Amino acid sequence: MVKLGVNIDHVATLRNARGESFPDPIQAALVAEENGADGITAHLREDRRHIRDNDILELKAAIKTRLNLEMANTGEMVAIACKLRPYMVTLVPERREELTTEGGLNVLGNLDSLQRSTALLKDAGILVSLFVEPSENQIAASAQTGAEFVELHTGKYAHAYTAGSPKEELGRLIQAADQSKELGLQVNAGHGLNYENTLDILVIPHLVELNIGHSLISESVFTGLGSAVGRMKALISVPASSPV
């Protein structure tokens, strides 16, 4: 059964928009857990635009599932993670001017740095995942870092789905998942997934977890967070059909 990781960043974005203490991302995480989330994901960005350091501390203490800390590959962030010891760290690329993470890590071009960071995180007892494009070269490089997981970037697939032509991008994701498995990497996936395009993603082999945030928080405006999470959990619990 594919697991559901719920990203709560956008709850923190809404809180910060008015400088208030609500809506509380910790409460959102607890509601998500109560309605089927298998884990909670939060991105502690260098500019702290949504999730803050204290949010991570409170999440670690409050949730009963697993905390996946998304973060850039910097000395500051690695030190924070080694101190807090979340269940998993997912290393992602980060640019200050971007609205959201726009692509996968250049693992091949930053192999030495990622190897060092991965070793430090693993020494602290933290599982390490790398957010990567479904690219043969990047998957191969990921296996050299010592990371246990890759998270396949599904953004291009999501855009292709909206355009009515997802078959090629879905094929790339399937091939990347097979390659990852062959190289000893476990497979997560995420970015741009919603109630329309997620079902087809389930044909990707070896999937452990899907990380989904924006579509869940958007749906919760109309139906409530518990209902939004429960609906997605039910959706990904459906057996996969053949590829589109």
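Read on for an overview of the structure. (Residues numbered from 1 in each chain as written. Predicted model: local features only at pLDDT ≥ 70, side-chain atom pairs only at ≥ 80, totals over all residues. Heavy atoms only, no water.)

Attention shifts here to the packing of helix α10 (residues 214-223) against helix α11 (residues 225-236). The interhelical angle for the contact between α10 and α11, taken along N-to-C directions, is 130°, at an axis separation of 7 Å. Considered as vectors, α10 and α11 are oriented oblique to each other. Crossing angle aside, the handedness with which α10 passes α11 is right-handed. Together, S215, L216, I217, E219, S220 and T223 of α10 and L225, S227, A228, V229, R231 and M232 of α11 make up the contact between the two elements. Looking at the contact of α10 with α11 residue by residue, the class counts come to six nonpolar, four polar and two charged. (Axes fitted to C-alpha atoms, helices over the stretch in contact; angles between N-to-C directions. Helix = DSSP H or I, 4+ residues; strand = E, 2+ residues; numbered from the N terminus. Parallel < 35°, antiparallel > 145°, perpendicular 65-115°, else oblique. Left-handed = near helix turned anticlockwise from the far one by under 90°. Contact = heavy atoms within 4.5 Å. Nonpolar A, V, L, I, M, F, W, Y, C, P; charged D, E, K, R; others polar.)

What follows concerns the pattern of salt bridges. Summed over the entire model, instances satisfying the criterion amount to nine salt bridges. Taking the shortest distance from any N to any O, the salt bridge between D38 and K233 comes out at 2.6 Å. With a gap of 195 residues between them, D38 in the loop between α2 (25-34) and β2 (39-43) and K233 in helix α11 connect regions that are remote in the sequence. A salt bridge links R49 to D47; the nearest nitrogen and oxygen atoms lie 3.2 Å apart. Residue classification places R49 among the partly exposed residues on the basis of a relative accessible area of 25%. Classification of D47 by relative accessible area gives partly exposed; the value is 30%. Via salt bridges that share partners, R45, D47 and R49 belong to a single interconnected network. (Salt bridge = Lys/Arg side-chain N within 4 Å of Asp/Glu carboxyl O. Buried < 20%, exposed > 50% of the residue type's maximum accessible area, 1.4 Å probe, protein only.)

This paragraph deals with the packing of aromatic side chains. Per the counting criterion, the structure on display carries one aromatic pair. For the cation-ring pair, R231 lies above Y195, with the distance from its terminal atom to the ring centre recorded as 4.0 Å. (Phe/Tyr/Trp six-rings, centres within 6.5 Å; stacked < 30°, edge-to-face > 60°. Lys NZ or Arg CZ within 6 Å of the ring centre and 35° of its normal.)

With respect to the secondary-structure elements, H153 resides in strand β6 (residues 149-153). Residue H153 is classed as buried on the basis of its relative accessible area, which comes to 4%. Side-chain polar atoms of H153 contact the side chain of E133, separated by 2.7 Å. (Polar contact = N/O pair within 3.5 Å; in protein donor to acceptor, adjacent residues only side chain to side chain.)

Distances and angles like these do not, on their own, reveal function.
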